[in-house]
Amino acid sequence: MLPFAREVFEAYWRDDKDISQSAVLAEICWNVGIDSNQFFAGIDQQNIKSQLRDNTDEVIARGGFGSPTIYVNGSDMYFGNDRLPLVREALRQHMSGVVST
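Keep in mind it's a predicted model, so treat the numbers as computed, not measured.

J.: What is the right way to look at the environment of Ile28 in this model?
T.: With respect to the helices, strands and loops of the structure, Ile28 is situated in helix H2 (residues 22-32). Its relative accessible area of 3% is what places Ile28 among the buried residues. Distance from Ile28 to Ala11, taken between C-alpha atoms, is 8.2 Å for residues 17 residues apart in sequence. Contacts of Ile28, omitting those with residues within four sequence positions, involve Phe4, Glu7, Val8 and Ala11.

In structure tokens:
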């Protein structure tokens, strides 16, 4: 899923494409080798829609406000792909047992 997520973010942020449009999503699927028919069948399932709603509600309740919002160690929140180097460092510290202040 990482290649798909990366393509979606690049389409939206870099290429200014409307990722709510089926044609844009189908192109992304094709670019990363995902069967677009399977993709669209999947996102149309109620359990998938419910999970998305639950995830969105959770991130809002935790103070998040957009995508990507990433939590390290449960409560250390980062927002935006420009914060990924900070996420990487926080994960490195967490995995090595280093406590940051």
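J.: How should the nonpolar core be read in this particular structure?
T.: The tendency in soluble globular proteins is for nonpolar side chains to be buried as a group. One finds Phe4, Val8, Ala11, Val24, Leu25, Ile28, Cys29 and Phe39 forming the largest nonpolar core, which totals eight residues. Within the residue set of this core, elements represented by two or more residues are helix H1 (2-14) and H2. When residues of this core are assigned to their parent elements, the largest contribution, four residues, is made by H2. Ignoring sequence-local partners within four residues, the contact set of Val24 consists of Lys17, Asp18 and Ile19.

J.: Mind showing me how you'd approach H1 here?
T.: Residues spaced three or four apart along an α-helix face the same direction, because each turn holds 3.6 residues. Helix length check: H1 (13 residues) gives 17 Å between terminal C-alpha atoms against 18 Å at 1.5 Å per residue, within 8%. Turning to H1, its buried residues number three or more, namely Phe4, Val8 and Ala11. All buried residues of H1 project into a common sector of 65 degrees when viewed along the axis, lining one side. Seen from the open side of H1, the exposed residues pointing more than 90 degrees away from its buried face are Leu2, Trp13 and Arg14. Those residues of H1 that are buried are in contact with H2 and helix H3 (36-43). At the C-terminal side of H1, Asp16 shows a positive phi close to 55 degrees.

J.: Just checking my understanding: could you explain the pairing of strand S2 (residues 76-79) for this structure?
T.: Consecutive side chains of a regular strand alternate in pointing toward one face of the sheet and then the other. Sheet topology note: the strand S1 (residues 69-72)/S2 ladder contains four bridges and is antiparallel. Among the inter-strand pairings, Ile70 is bridged to a residue of S2, identified as Tyr78. Counted between consecutive antiparallel strands, the loop separating S1 from S2 contains three residues, among which Asn73 sits at a positive phi close to 60 degrees.

J.: So what exactly am I meant to see when it comes to H2 here?
T.: Within H2, the full set of buried residues consists of Val24, Leu25, Ile28 and Cys29. Around the axis of H2, the buried residues are gathered within 140 degrees of arc, so they sit on the same side. Of the residues in H2, the exposed ones pointing more than 90 degrees away from the buried face are Ala23 and Trp30. Those residues of H2 that are buried lie in contact with H1 and H3. Gly33 occupies a position one or two residues after H2 and carries a positive phi of about 80 degrees.

Rules behind the numbers
- Residues numbered from 1 in each chain as written.
- Predicted model: local features only at pLDDT ≥ 70, side-chain atom pairs only at ≥ 80, totals over all residues.
- Heavy atoms only, no water.
- Helix = DSSP H or I, 4+ residues; strand = E, 2+ residues; numbered from the N terminus.
- Buried < 20%, exposed > 50% of the residue type's maximum accessible area, 1.4 Å probe, protein only.
- Contact = heavy atoms within 4.5 Å.
- Core = buried A, V, L, I, M, F, W, Y, C linked by side-chain atoms within 4.5 Å.
- Expected span 1.5 Å × (residues − 1).
- Arc of directions from axis to C-beta.
- Pairing = 2+ DSSP bridges.

So yeah, pure geometry; function would need other evidence.
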